[in-house]
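Listed here are the chains, written in short residue letters.
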Amino acid sequence: MKASELAPNLRVPVITKYVPEVLDRIGNTPLLKMRNITKGLAKKVEVYAKAEWVNPGGSVKARPALRMVRDGMKAGKLGRGKELIDSTSGNTGIAYALIGKILGFKVNLVLPANVCKLRKGMMASQYSANLILSDPIESSDGAIRLCRKIYSENPDKYFLPDQYNNPSNWAAHKETTAREIWEQTNGTVTHFLAGIGTSGTLMGTTRGLKAMNRNILSYAVEPAEPLHGIEGLKHMETSIIPGIYEPSVFDEKLSVKTDEAYKMVSRLEEEEGLLVGTSSGAAMVGAMRVAERLDEGVVVTIFPDSCEECIVAHGEF
Amino acid sequence: MQITVRVPTPLQKITAGKSEVFASGTTVKAALADLEKNYPGLRERLYGEDGELRKFINIYVNEEDIRFLDSENSALRDGDVISIIPAIAGGR
């Protein structure tokens, strides 16, 4: 059976109208229960994932992008003709571009040239952002460095939210994602996992959940290999470590191989009817690894985006 | 015969921090095998357990993706530049 037949209401929202009300639809995403891939687990173990592609812009990144923009405006760093600039491998860029289009500021995005065509198209054609491409051989770290260089040459022209080092990034998740998970599970959540890129989702959601119940255990999901194929995630040991990343916040790190993540993407489509991106596949590999250890518990993770086209389009920049 | 190989940041631990290294060989396959002699560990990063190049890694000869040439059997000439480029970008 095709995924679209199993889950007809969970298609990706690609076209968004540029009205201010769109921003009110960021957050409050569905919490999906895994019903089939969980069949071998103990009876009292439940596994859930937040369907973050329902956000305007199609990913979890709408949350931190909006918060960083609003905090920047409050602090007087954006507005009065200033332009936004930041480095991104895709989803944050799409979110900035959408928000910029609605709130009326120009958005410049520095991204590695190997970001897939679909994402580049969404950012540039659909939401009118200016794309600056960095050397793909340096991956996202090259984009970070180029962005800093452009900003430092003209600091008065730009607002640089700097998603890797901006506390507003994780604060968005502490206040929204964590609260939603708590309410949607009626406070029964016992384990939380998220993949780490900027680490904002993991840092903020973990802090929020542990504030409500300090016994909740939190896990970082990381690519097992330095050179990997899990879009959006970072292998911390071989990357520029984000300033907001604090290993003491979570309890354990789980390494997931690219092949495992890809296989899980296929299983989620075939068994759950969900079309998710590779980072969601990695998150679910981690969630299942934790769930298999338990006799009872409520395990929650994040599905950052869908974008199955990016899997198909490997190698087409 | 000298081939320059551009190494992506995530693999530079293996090449002692160098972004460009040198290899010899008349095909891409031979050059990558030659590279493994000086930088052991590179091969297992590039190839899967099935012995095929991992699908999230793209290899270019000069400006051309080897998928559009003769894949790993693509011929090399003295002075050619091989680039190893991740198919995706990590970090959001």
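About the thresholds
Residues numbered from 1 in each chain as written. Chains lettered and ligands numbered in written order. Predicted model: local features only at pLDDT ≥ 70, side-chain atom pairs only at ≥ 80, totals over all residues. Heavy atoms only, no water. Pairing = 2+ DSSP bridges. Helix = DSSP H or I, 4+ residues; strand = E, 2+ residues; numbered from the N terminus. Axes fitted to C-alpha atoms, helices over the stretch in contact; angles between N-to-C directions. Contact = heavy atoms within 4.5 Å. Domains from an automatic or database assignment. Buried area = accessible area lost by both parts, 1.4 Å probe. Salt bridge = Lys/Arg side-chain N within 4 Å of Asp/Glu carboxyl O. Polar contact = N/O pair within 3.5 Å; in protein donor to acceptor, adjacent residues only side chain to side chain. Phe/Tyr/Trp six-rings, centres within 6.5 Å; stacked < 30°, edge-to-face > 60°. Buried < 20%, exposed > 50% of the residue type's maximum accessible area, 1.4 Å probe, protein only. Lys NZ or Arg CZ within 6 Å of the ring centre and 35° of its normal. Expected span 1.5 Å × (residues − 1).

Considering the sheet that holds strand 2 (residues 44–51) of chain A
All names here are of chain A. Taking strand neighbours across the sheet as the criterion, the 6 strands line up as 1-2-10-7-8-9 in an open arrangement whose pairing is mixed. The two strands at the open ends of the sheet, each matched to only one other strand, are strand 1 (31–33) and strand 9 (252–256). In this sheet, adjacent strand axes meet at a mean angle of 25° when their direction is disregarded. Of the strand pairs in this sheet, strand 7 (residues 191–195) and strand 10 (residues 296–303) are connected by 3 bridges, and their pairing is parallel. Directly across from Leu193, in strand 10, lies its bridge partner Thr301. Most of the contacts of helix 9 (residues 258–272) go to strand 9, to which it runs at about 85°, and overall it touches strand 1, strand 9 and strand 10.

Concerning the domain arrangement of chain A
Residues and elements named next belong to chain A. Along its sequence, chain A is organised into domain 1 (3–60 + 167–312) and domain 2 (62–159). On a C-alpha basis, the centroid separation for the pair domain 1 and domain 2 is 23 Å. Each side of the interface is counted separately: domain 1 has 38 residues, and domain 2 has 25 residues. When residues of domain 1 are sorted by the area they lose upon contact with domain 2, Tyr18, Leu23 and Ile240 head the list and together hold 26% of the total. Where domain 1 meets domain 2, there are 4 salt bridges.

Some words on the interface of chain B and chain A
Taken together, the 28 residues of chain B in the interface contact 41 residues of chain A. Where chain B abuts chain A, roughly 2,800 Å² becomes buried across the two surfaces, and 56% of that area is made up of carbon and sulfur atoms. Applying the counting criterion to the chain B and chain A interface returns 3 salt bridges. The residue B:Arg54 makes a salt bridge to A:Glu225 at a minimum N-O spacing of 3.9 Å. Scanning the region where chain B abuts chain A turns up 4 residue pairs in polar contact (both at pLDDT 80 or more). Breaking the side of chain B that touches chain A down by element, the ones donating at least two residues are helix 2 (42–46), strand 3 (57–61) and strand 5 (81–86) of chain B. Here the side of chain B that touches chain A gets 4 residues from one element, more than from any other, and that element is strand 5 of chain B.

Some points on the sheet that holds strand 6 (residues 158–159) of chain A
Residue and element names in this part refer to chain A. With parallel pairing, 4 strands are arranged side by side in an open sheet as 5-4-3-6. Taken across any chain shown, the strands that pair with only one partner, and hence form the sheet edges, are strand 5 (130–134) and strand 6. Here strand 3 (residues 83–87) pairs with strand 6 via 2 bridges, running parallel. Note that in strand 6 the partner of Glu83 across the bridge is Tyr158. Across the sheet, helix 4 (residues 91–103) lies against strand 3 and strand 4 (107–112), angled at about 170° from strand 4, the strand it touches most. Each of strand 3, strand 4, strand 5 and strand 6 touches helix 6 (residues 139–153); the most contacted strand, strand 4, lies at about 145° to it.

Quick word on the packing of aromatic side chains
Each aromatic ring pair is characterised by the separation of its centres together with the angle its planes make. All names here are of chain A. According to the stated counting rule, one finds 3 aromatic pairs over all chains in the structure shown. Aromatic side chains Trp53 and Phe303 sit 6.4 Å apart centroid to centroid with 20° between the ring planes, which places their arrangement in the stacked category. Separated by 250 residues along the polypeptide, Trp53 in the loop between strand 2 and helix 3 (62–74) and Phe303 in strand 10 bring together distant segments of the chain. One exposure class covers both Trp53 and Phe303, and it is buried. Both rings, one in Tyr245 and one in Phe250, keep their centres 6.1 Å apart while their planes meet at 35°; by these two values the pair is tilted. Of the residues examined, Tyr245 reaches a relative accessible area of 10% and is grouped as buried. The exposure class assigned to Phe250 is buried, which follows from its relative accessible area of 10%. Stacked on the ring of Trp170, the Lys or Arg Arg207 has its end atom at 4.2 Å from the ring centre.

Details of helix 6 of chain A
Residues and elements named next belong to chain A. In this model helix 6 runs 22 Å from its N-terminal to its C-terminal C-alpha over 15 residues, within 8% of the 21 Å that 1.5 Å per residue would give. Turning to helix 6, its buried residues are Ser139, Ser140, Asp141, Gly142, Ala143, Ile144, Cys147 and Ile150. Where helix 6 is buried, its residues meet strand 3, strand 4, strand 5 and strand 6.

A few points about the environment of A:Val54
Residue and element names in this part refer to chain A. Looking at the element boundaries, Val54 is found in the loop between strand 2 and helix 3. We classify Val54 as partly exposed; its relative accessible area is 32%. Between the C-alpha atom of Val54 and that of Arg148, which follows or precedes it by 94 residues, the distance is 31 Å.

Topic: unusual backbone geometry
Backbone geometry at A:Asp162 places phi at a positive 55°, although glycine is not the residue there. Turning to its location among the elements, A:Asp162 is positioned in the loop between strand 6 and helix 7 (167–184). With a phi angle near 55°, B:Asn62 is a residue other than glycine that sits in the positive phi range. B:Asn62 sits in the partly exposed class, given a relative accessible area of 34%.

Some details on the pattern of salt bridges
Residues and elements named next belong to chain A. Under the counting rule described, the total for this entry stands at 21 salt bridges over all chains. Between Arg67 and Glu175 there is a salt bridge, with the nearest N and O atoms lying 2.8 Å from each other. In this pair, Arg67 is assigned in helix 3 and Glu175 in helix 7, connecting sequence segments 108 residues apart. What makes Arg67 partly exposed here is its relative accessible area of 23%. Since its relative accessible area comes to 46%, Glu175 is described here as partly exposed. Measuring nitrogen to oxygen at the nearest pair gives 3.3 Å for the salt bridge that ties Arg145 to Glu138.

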